[in-house]
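Working through the structure, step by step
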Amino acid sequence: KITLAHSLATCIIDTGSALSVLSSSVFYALRKAHPSLTLGTWEGEARVANGGKLEVEGVTFISVGMAGTTKTCRFIIAKNTPFKVLLGNDSLARFKAEISFEKKQLRVGNRNIEITTTSQTLGLDKNSAVVSTNNVTILPGKECIIWGSVNGQGNTQEGILEPLTEDVNRTMVNAIVT
């Protein structure tokens, strides 16, 4: 959990993203409460992990609170994102954050924050398998980023599914890749 303009929020921490991204719905909700938030022009292009273009509306600067520290961070405001708040490397660097995947902790200053990984969030175990609707082969020892949906426990979640194991001969997610 973090705060955005002093409002509590849940975020995705994405070490593969150079930029921090905020969904336009969250931005406009925050702007209702904080009319001083401005939407500046974004010059350039932003792409997602699969190479597709992100539909950018603009850029803003918002105060972010994390682990007792507050910093002003730049966010790209985008339409139709599968997430509400994504903290990329630009914001993580402002906080001088360190991530331990082994301990599942984010360290900011002298405070450790427990984080959950994708597999924990989705409730997956190491015996799950990838089921593809297309004929796709992922060779042992190779990695890929898969956009898909995860079915389980009465709900379906969509997102990027990542391998999270040291055993490269086993699949890590139970997904139907569309």
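Residues numbered from 1 in each chain as written. Predicted model: local features only at pLDDT ≥ 70, side-chain atom pairs only at ≥ 80, totals over all residues. Heavy atoms only, no water.

The next thing to look at is the pairing of strand S10 (residues 111–114). Pairing of strand S9 (residues 105–108) with S10 involves 4 bridges; the strand directions are antiparallel. Along S10, the bridge assignment pairs Leu-106 with Ile-113. The turn joining S9 and S10, which pair antiparallel and follow one another in sequence, is formed by 2 residues; a positive phi near 60° is taken by Gly-109. (Pairing = 2+ DSSP bridges. Helix = DSSP H or I, 4+ residues; strand = E, 2+ residues; numbered from the N terminus.)

So, about unusual backbone geometry. In this structure, His-6 takes a positive phi of about 70° despite not being glycine. Turning to its location among the elements, His-6 is positioned in the loop between strand S1 (2–4) and strand S2 (7–9).

We now examine the packing of aromatic side chains. Overall, the coordinates contain 1 aromatic pair when judged by the stated rule. Geometrically, the ring pair formed by Phe-27 and Tyr-28 is edge-to-face, given 5.1 Å between the ring centres and 70° between the ring planes. (Phe/Tyr/Trp six-rings, centres within 6.5 Å; stacked < 30°, edge-to-face > 60°.)

We now examine the pattern of salt bridges. Inspection of every chain in the model, using the stated rule, returns 3 salt bridges. The partner of Lys-79 in a salt bridge is Glu-55, and the shortest N-O contact between them spans 3.6 Å. Here Lys-79, found in the loop between strand S6 (69–78) and strand S7 (85–87), pairs with Glu-55, found in the loop between helix H1 (24–33) and strand S5 (56–66); they are 24 residues apart in sequence, far enough to count as distant. A relative accessible area of 42% means that Glu-55 is categorised as partly exposed. Within this structure, Glu-45, Arg-47 and Lys-53 form a network of salt bridges that share partners. (Salt bridge = Lys/Arg side-chain N within 4 Å of Asp/Glu carboxyl O. Buried < 20%, exposed > 50% of the residue type's maximum accessible area, 1.4 Å probe, protein only.)

This brings us to the sheet that holds strand S8 (residues 98–100). Spatially, S8-S9-S10 is the arrangement adopted by the 3 strands of the open sheet, whose pairing is antiparallel. Across the chains shown, the open sheet's two edge strands, defined by having one partner strand only, are S8 and S10. Recorded for the sheet is a direction-independent mean angle of 25° between the axes of neighbouring strands. Pairing of S8 with S9, which is carried by 3 bridges, proceeds in the antiparallel orientation. The residue of S9 that forms the bridge with Ser-100 is Gln-105. (Axes fitted to C-alpha atoms, helices over the stretch in contact; angles between N-to-C directions.)

All we've got here are geometric facts, nothing functional implied.
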